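Breakdown of the fold
If you want the building blocks of each chain, they are given just below.
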Amino acid sequence: DVKVTQSSRYLVKRTGEKVFLECVQDMDHENMFWYRQDPGLGLRLIYFSYDVKMKEKGDIPEGYSVSREKKERFSLILESASTNQTSMYLCASRGLSSYNSPLHFGNGTRLTVT
Amino acid sequence: DAKTTQPTSMDCAEGRAANLPCNHSTISGNEYVYWYRQIHSQGPQYIIHGLKNNETNEMASLIITEDRKSSTLILPHATLRDTAVYYCIGHRLLSQGGSEKLVFGKGTKLTVNP
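Attention in this report is confined to the structure presented alongside it. The residue numbering used here restarts from 1 in each chain and proceeds along that chain's sequence as written. All chains are assigned letters beginning with A, and all ligands numbers beginning with 1, in the order in which they are written. Reporting in this predicted model follows two pLDDT cut-offs: at least 70 for local features of residues, and 80 or more for side-chain atom pairs to be given and counted; totals over whole chains, interfaces and linings ignore these cut-offs and use all residues. In computing side-chain properties, one takes all heavy atoms of the structure into account and sets aside hydrogens as well as water.

**Considering the overall build of chain B**
Heads up, the rule is: Working definition: helices are DSSP H or I runs of at least four residues, strands are E runs of at least two. Numbering for both runs from the N terminus. Throughout, radius of gyration means the C-alpha value; the globule benchmark is 2.2 Å times the number of residues raised to the power 0.38. Residue exposure (1.4 Å probe, protein chains only): buried if accessible area is under 20% of the type maximum, exposed if over 50%, otherwise partly exposed. Note on contacts: a residue pair is in contact if any heavy atoms of the two residues lie within 4.5 Å. Two residue types count as positive, namely Lys and Arg, and two as negative, namely Asp and Glu; His and chain ends fall outside the count. Every charge is mapped to an atom, namely NZ of Lys, CZ of Arg, CG of Asp or CD of Glu.
In terms of regular secondary structure, chain B is built from zero helices and nine strands. In chain B, the succession of helices and strands from N to C terminus is β-β-β-β-β-β-β-β-β. Here chain B has a C-alpha radius of gyration of 14 Å; the compact-globule value for 114 residues is 13 Å, and the two agree. Buried positions account for 45% of the 114 residues belonging to chain B. When contacts within chain B are restricted to residue pairs at least 6 apart in sequence, long-range pairs at least 24 apart make up 58% of them. Side chains of chain B carry 11 positive and 10 negative charges; the gap between the two charge centres is 5 Å.

Following this line, the structure appears as structure tokens:
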């Protein structure tokens, strides 16, 4: 089974701190994604990456950046955390296939910025 | 990527079939209809996918209309554990690499009642 691991389940940070959310997948997947999930707003795409060092903006990239130095790891960076970035963050990956390439999600990191 | 529309919420009695609709009128010819579900406090999980034929697996059945503008996910005998948010999304298979922006809607909150 594909495993997508997010480094922290819960995280509390102060306003203005630089925050790193780490995501690692073990199936050599090419594509990786970062979403945030808020009540009533569903899953919103922040950034995605289709290869090492490649990244593309999603629908809400402001205030975030990403890093993909190795194929298995995709990091989400909050340069200066703000209270409106308090949210559940979900990482996902998917690989190449000619018959099925679903997204595989981690269990999320619940970030609170105080 | 296809924009999808789903009802906000649905109820179903335990043991009965749950039929969850999804409209995806802008889906393109090479996009598959994928269904995921998210149980509280977990990341979304893949359920089933299809292109134009009806599909069935151990979890559910998927009925896609002939014009591919809508589909229905069927849970044949819903249990309390099927209470979750269900998402449909259109996306391609990635057999040759490249990127694809995968955007989720707000999904349908299914409540299975005893």
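**Observations concerning the state of the cysteines**
Residue and element names in this part refer to chain A. Applicable threshold: Cysteine sulfur atoms that come within 2.5 Å of each other are treated as a disulfide pair.
This model, assessed by the stated rule, comprises two disulfides over all chains. The partner cysteine of Cys 23 in its disulfide is Cys 91, sulfur to sulfur 1.9 Å. Looking down the S-S bond of the Cys 23 and Cys 91 bridge, the torsion is -75°, so its handedness is left-handed. Here Cys 23, found in strand β4 (residues 23–25), pairs with Cys 91, found in strand β10 (residues 87–94); they are 68 residues apart in sequence, far enough to count as distant. Residues Cys 23 and Cys 91 agree in their burial class; the two are buried.

**Quick look at the interface of chain B and chain A**
As a reminder of what qualifies: Using a 1.4 Å probe, buried area is obtained as the accessible area two parts lose upon being combined, added over both of them. Salt bridge, as applied in this entry: a Lys or Arg side-chain nitrogen positioned within 4 Å of an Asp or Glu carboxyl oxygen. Under the rule applied, a polar contact is a pair of N or O atoms within 3.5 Å (in protein, one hydrogen donor and one hydrogen acceptor; residues adjacent in sequence only if both atoms are side-chain atoms). Residues are grouped as follows: nonpolar covers Ala, Val, Leu, Ile, Met, Phe, Trp, Tyr, Cys and Pro; charged covers Asp, Glu, Lys and Arg; every other residue, Gly included, is treated as polar.
At the interface, 26 residues of chain B touch 29 residues of chain A. Between chain B and chain A, the buried area comes to about 2,200 Å², and carbon and sulfur atoms account for 55% of it. Taken together, the links from chain B to chain A amount to two salt bridges. Across the pair Glu 100 of chain B and Arg 94 of chain A runs a salt bridge, and its minimum N-O distance is 3.2 Å. Summed over the shared surface of chain B and chain A, the number is 14 residue pairs in polar contact (both at pLDDT 80 or more). The set of elements that each furnish at least two residues to the side of chain B that touches chain A consists of β3 (32–38), β4 (45–50) and β8 (84–91) of chain B. The dominant element in the side of chain B that touches chain A, judged by the number of residues it contributes, is β3 of chain B, at three residues. The class makeup of the residues in the side of chain B that touches chain A is ten nonpolar, twelve polar and four charged.

**Observations concerning the packing of aromatic side chains**
Which entries qualify depends on this criterion: Stacked, edge-to-face and tilted are the three classes for Phe, Tyr and Trp ring pairs, Trp counted by its six-membered ring, which pair at centre distances within 6.5 Å; planes under 30 degrees apart are stacked, over 60 edge-to-face, the rest tilted.
Inspection of the entire model under this criterion finds twelve aromatic pairs over all chains. Plain terms: the ring middles of Phe 105 of chain A and Tyr 36 of chain B are 6.4 Å apart, the flat faces sit at 85° to each other, and that makes the pair edge-to-face. One end of the pair, Phe 105 of chain A, is in strand β11 (residues 104–105); the other, Tyr 36 of chain B, is in strand β3, on a second chain. Summarising the burial analysis for this pair, Phe 105 of chain A and Tyr 36 of chain B share the class buried. With a centroid separation of 5.5 Å and 90° between ring planes, the pair formed by Tyr 87 of chain B and Phe 104 of chain B is classed as edge-to-face. With a gap of 17 residues between them, Tyr 87 of chain B in strand β8 and Phe 104 of chain B in the loop between β8 and β9 (108–113) connect regions that are remote in the sequence.

**As for the pattern of salt bridges**
Following the criterion strictly, the structure yields ten salt bridges over all chains and no others. The closest approach of N and O atoms between Lys 18 of chain A and Glu 79 of chain A, which form a salt bridge, is 3.6 Å. A residue pair is termed long-range when its members are at least 10 positions apart, and Lys 18 of chain A in the loop between β2 (10–13) and β3 (19–21) and Glu 79 of chain A in the loop between β9 (73–78) and β10 qualify at 61 residues. On the basis of relative accessible area, Lys 18 of chain A is assigned to the partly exposed category, the value being 46%. Look at Glu 79 of chain A and you get partly exposed, because its relative accessible area is 42%. Residue Asp 59 of chain A pairs with Lys 101 of chain B through a salt bridge whose shortest N-O separation is 2.6 Å. Taken together, the residues Asp 59 of chain A in the loop between β7 (56–57) and β8 (64–70) and Lys 101 of chain B in the loop between β8 and β9 connect one chain to another. Judged by its relative accessible area of 28%, Lys 101 of chain B is partly exposed. Several salt bridges converge on common partners, so that one network encompasses Asp 28, Glu 30 and Lys 71 of chain A.

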